[in-house]
Amino acid sequence: MQAASQRSSGGAAPQQGSPATANDLSLLDALPIAAAVVTRGASGVLAIHGHNRRFDDLLRNSSVGTFDELVAKCLHGEGLIAAHLRGWFEGTSSDELDFRDGDGVSGRFFRMKLAPLPRLQAEEQRCLVSVVDRTVELQAERTLRAEMLRDSLTGLPNRLAFTEMIEAANDTQSAAEDGLEHAVLVVDMLRFSRINETMGSLAGDELIITFARRLISALRAGDKLARTGGNEFGVVVSLRRGIADAMRAATRIQEVMTAPFKLGDLEIKVDCAIGLAVMQHGQEPEELFRNAQFAVKQAKQAGRPQVYEAKQASEARRRFSIETELRRALDRDELKLFYQPLIDLKSGEVAGFEALARWSHEDRGEISPSEFIPVAEESGLILALGRWAMDKAAQTLAEWDRRTGEQLPLYVGVNLSAIQVARDDIAGVVSSALRSSGLTGERLTLELTESSIVQDPGRATRVFDALKALDATVAMDDFGTGYSSLAYLQRLPIDVLKIDRSFVSAMMVDPDSVAIVRAVLSLAEALGMSTTAEGIESRELATTLATLGCASGQGFYFAKPLEAEAALEYWRSRRHCC
Ligand code: C2E
Ligand code: MG
Ligand code: MG
């Protein structure tokens, strides 16, 4: 390409119109960038009135060719630059124009800036045109961006790029008229951190690369893969036959992962959990991705690929907000303990009360313990809740003693979760409740479930023994619903079996349930334990259970769980009743 400077050396020669001033020329040469003075005469004709050496250099590398050609092409033609310049003189274009010169890899990128110069003649407008070659800058930006969007280990697009991939799919989905849909699959390699820890990060890297290769082999043309986390990959798939297509993709992925992976001399089996979410019209990419990640969690539990369901997610969200609000409620002492009478089935008197947590939420209303206790267990809040319940129950019973002026022939039953048994110092919690209330151990019954034994029998034995050492009574709650072995029942110091409500309430209609209750009663007798029936809802049940030899019972037939004051009143009303 020939450059204009060869003929216009120094570049200061004016081409048309009025001559440039000496001032103009020295101004141009002093500028550190390519610059020229352009004028617009009365007739609207554009002309270059001088340009500096850097302007020549710029032309030398451009496709424009000679200076004359530049003038012809850019100033007199209908091209972008001429139109922009004309517009600028008319006050309709901006002071800046980015343009490209040449196509393909040899294409160059320029930014032209325009600034007004004082008029020398009334009818002639003047403008300083500066041009910067931005090719290298843009290339660097593009390389940097490509680096930012790429996972360096696998060479795949990364998390950031995946969001853009979803966005692009969303755009095509909106534009498509053939009903083409998309789904996002999130593939989580299971046990990766264990492998990484035991075999080292190099082996871990190798595994990730091989895993990624296998993933690629499972995909169809048009599917897009990215590494979205350490051991997590994302795939955008297009669907022709709805969710079934996405499920097929998940199955293909699982199939390619069935063969063991070779790591050095070892062969290991790698499983993955796959979550799927179908793109909704106009959905935010982040939301879709989160949904697929949520489905991965479900897939881990289910052991097979799972499709995101909004209902399950909203339940999970509710659990999450319940956790936050429960924490606050505990801090503000907003929970209450209610007391359900435990009736001696022979005498009909109140033998004790079971303390049951109640939470009345200011917006959500009553939240059942069967909803918030599992949340408390999951989050660890059960430790604080359990301590609170223990203290509160002991204090209430001590308060009743004080108010009536006698040591009441009553005990209070407090529920202990398996998580408390596994993680808290139960004996410490109980003895501190006894100390601060002044009660003796036999006034307390601790209700534990079979799951506390099953998880860690050794620890359970120590806890049970410690409770007995404090003279407390130990009851096995919801008996019959867990999986404890009879051997443990025999070995552990259990005083009471509480027969689960499911057997008791079925007794009137289901002979099998009667047989189970009978069996539990004779088992308890054989092991020297007492029995309590849960969920007695009718007089018939109460008398049947009494006839069968069950020692005590609780249920709506007698009373629902009551506030402390009402519970004491209930005890009074039944004293010497029968
Ligand atoms: P649970 O320990 O088996 O308590 C008995 C549950 O049966 C109570 O439910 C009680 O209201 C209910 N119930 C009693 N009689 C009847 C009846 O005749 N019919 C029916 N349909 N239900 C009856 P609640 O209060 O909803 O408590 C549910 C579970 O939550 C409790 O089962 C217990 O496992 C747990 N829980 C409650 N409070 C606490 C607590 O402070 N700590 C711990 N760890 N768990 C608690
Ligand atoms: Mg209980
Ligand atoms: Mg129970």
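Residues numbered from 1 in each chain as written. Chains lettered and ligands numbered in written order. Predicted model: local features only at pLDDT ≥ 70, side-chain atom pairs only at ≥ 80, totals over all residues. Heavy atoms only, no water.

(A) Here's a closer look at the overall build of the protein. When you go through the protein residue by residue, the secondary structure sums to 22 helices and 21 strands. Taken over C-alpha atoms, the radius of gyration comes to 41 Å for the protein, far larger than the 25 Å a tight globule of 578 residues would show. Projecting the C-alpha coordinates of the protein onto the three principal axes gives extents of approximately 125 × 60 × 45 Å. Per-residue burial for the protein yields a buried fraction of 47% across its 578 residues. Here the contacts in the protein between residues at least 6 apart in sequence split such that 63% fall between residues at least 24 apart. A total accessible area of about 28700 Å² is found for the protein, and carbon and sulfur atoms account for 51% of it. If you average the places of the 65 positive and of the 81 negative side-chain charges in the protein, the two averages end up 2 Å apart. (Helix = DSSP H or I, 4+ residues; strand = E, 2+ residues; numbered from the N terminus. Rg over C-alpha atoms; globule rule 2.2 N^0.38 Å. Buried < 20%, exposed > 50% of the residue type's maximum accessible area, 1.4 Å probe, protein only. Contact = heavy atoms within 4.5 Å. Areas by Shrake-Rupley, 256 points an atom, 1.4 Å probe, with all protein chains shown as cover. Lys, Arg positive; Asp, Glu negative; His and termini not counted. Charge placed at Lys NZ, Arg CZ, Asp CG, Glu CD.)

(B) Here's a closer look at the coordination of the magnesium ion (ligand 2). Coordination sphere of the magnesium ion (ligand 2), protein contribution only: Glu354 (OE), Asn415 (OD1), Glu447 (OE) and Asp477 (OD), at 2.0 to 2.2 Å. In terms of primary sequence, the donors binding the magnesium ion (ligand 2) are separated according to E-x60-N-x31-E-x29-D. (Donors = N, O, S within 2.8 Å, 3.2 Å for Na, K, Ca; no water.)

(C) A look at unusual backbone geometry. Although it is not a glycine, arginine 191 adopts a positive phi angle of roughly 60°. Along the chain, the position of arginine 191 falls in the loop between strand 6 (181-189) and helix 7 (192-199). A positive phi angle, close to 55°, is found at aspartate 333, a residue other than glycine. If you trace the backbone, aspartate 333 turns up in the loop between helix 11 (310-331) and strand 13 (335-344).

(D) Examining the site of ligand 1 more closely. Taken together, 24 residues surround ligand 1, and among them Arg358, Asn415, Asp477, Glu537 and Phe556 come closest. Between an oxygen atom of ligand 1 and a side-chain N or O atom of glutamate 354, the distance comes to 2.9 Å. Within the contact set of ligand 1, a nitrogen atom lies 3.1 Å away from a backbone nitrogen or oxygen of alanine 357. With the chains in place, 84% of the 790 Å² that ligand 1 exposes on its own is no longer accessible. Elements that contribute at least two residues to the shell around ligand 1 include exactly strand 14 (350-361), helix 12 (369-379), helix 13 (382-404) and strand 18 (473-479). It is strand 14 that provides the largest number of residues to the shell around ligand 1, a total of four residues. (Near = heavy atom within 4 Å. Polar contact = N/O pair within 3.5 Å; in protein donor to acceptor, adjacent residues only side chain to side chain.)

(E) Structural detail: the side chain of serine 452. As for its position among the elements, serine 452 is in helix 16 (residues 450-455). There is a polar contact of 2.6 Å between the side chain of serine 452 and the backbone oxygen of threonine 449. Discounting residues that sit within four places of it in the chain, serine 452 has contacts with Ala418, Val421 and Ala460.

(F) The arrangement of the pairing of strand 13 in detail. With eight of ten residues buried, strand 13 lies mostly within the body of the structure. Two successive antiparallel strands, strand 13 and strand 14, enclose a turn made up of five residues, where glycine 348 displays a positive phi of approximately 80°. (Pairing = 2+ DSSP bridges.)

(G) Highlighting the coordination of the magnesium ion (ligand 3). Within the protein, the magnesium ion (ligand 3) binds to Asp477 (OD), Asp478 (OD) and Glu534 (OE); these donor distances fall in the range 2.0 to 2.3 Å. Look at where the donors of the magnesium ion (ligand 3) fall in the sequence and you get D-D-x55-E. A separation of 3.9 Å is found between the magnesium ion (ligand 3) and the magnesium ion (ligand 2), both of which receive a donor from aspartate 477. Taken together, the positions of aspartate 477 in strand 18 and glutamate 534 in the loop between strand 20 (530-533) and helix 21 (539-548) put the pair 57 residues apart, joining distant regions of the chain. Across the pair, glutamate 534 and aspartate 477 agree in class, each one buried.

(H) Representation of the domain arrangement of the protein. We note that the domain assignment places domain 1 (2-139), domain 2 (149-308) and domain 3 (332-574) within the protein. Relative placement of domain 2 and domain 3: their C-alpha centres are 48 Å apart. (Domains from an automatic or database assignment.)

(I) Local environment of the sheet that holds strand 1 (residues 34-40). Here we have five strands laid out as an open sheet, ordered 2-1-5-4-3, and antiparallel in their pairing. Either end of the sheet is taken by a strand with one partner, and the two such strands are strand 2 (46-51) and strand 3 (96-101). Averaged over all pairs of adjacent strands, the angle between strand axes in this sheet comes to 30°, irrespective of strand direction. As paired strands, strand 3 and strand 4 (residues 108-117) are joined by six bridges and run antiparallel to one another. Within the sheet, the bridge partner assigned to aspartate 101 lies in strand 4 and is arginine 108. Contacts between helix 2 (residues 53-60) and the sheet are confined to strand 1, strand 2, strand 4 and strand 5 (125-133), with strand 1 contributing the most and set at about 100° to the helix. Helix 4 (residues 80-90) rests against strand 1, strand 2, strand 3, strand 4 and strand 5 of the sheet, and its axis sits at about 20° to strand 4. (Axes fitted to C-alpha atoms, helices over the stretch in contact; angles between N-to-C directions.)

(J) Here's a closer look at the pairing of strand 5. Of all nine residues making up strand 5, seven are buried, and the element is well covered by its neighbours. By the bridge criterion, seven bridges tie strand 1 to strand 5 in an arrangement that is antiparallel. Counted as the bridge partner of alanine 34 is valine 131 from strand 5.

(K) Region of interest: helix 17 (residues 457-469). The end-to-end C-alpha distance of helix 17, which contains 13 residues, comes to 18 Å, matching closely the 18 Å that a straight helix rising 1.5 Å per residue would cover. Residues Ala460, Val463, Phe464 and Leu467 constitute the buried set of helix 17. Seen along its axis, helix 17 keeps its buried residues to an arc of 100°; they face one direction. Away from the buried face of helix 17 by more than 90 degrees, exposed residues Arg462 and Ala469 are located. The inward-facing, buried residues of helix 17 abut helix 14 (418-423), helix 15 (426-437), strand 17 (444-449), helix 16 and strand 18. (Expected span 1.5 Å × (residues − 1). Arc of directions from axis to C-beta.)

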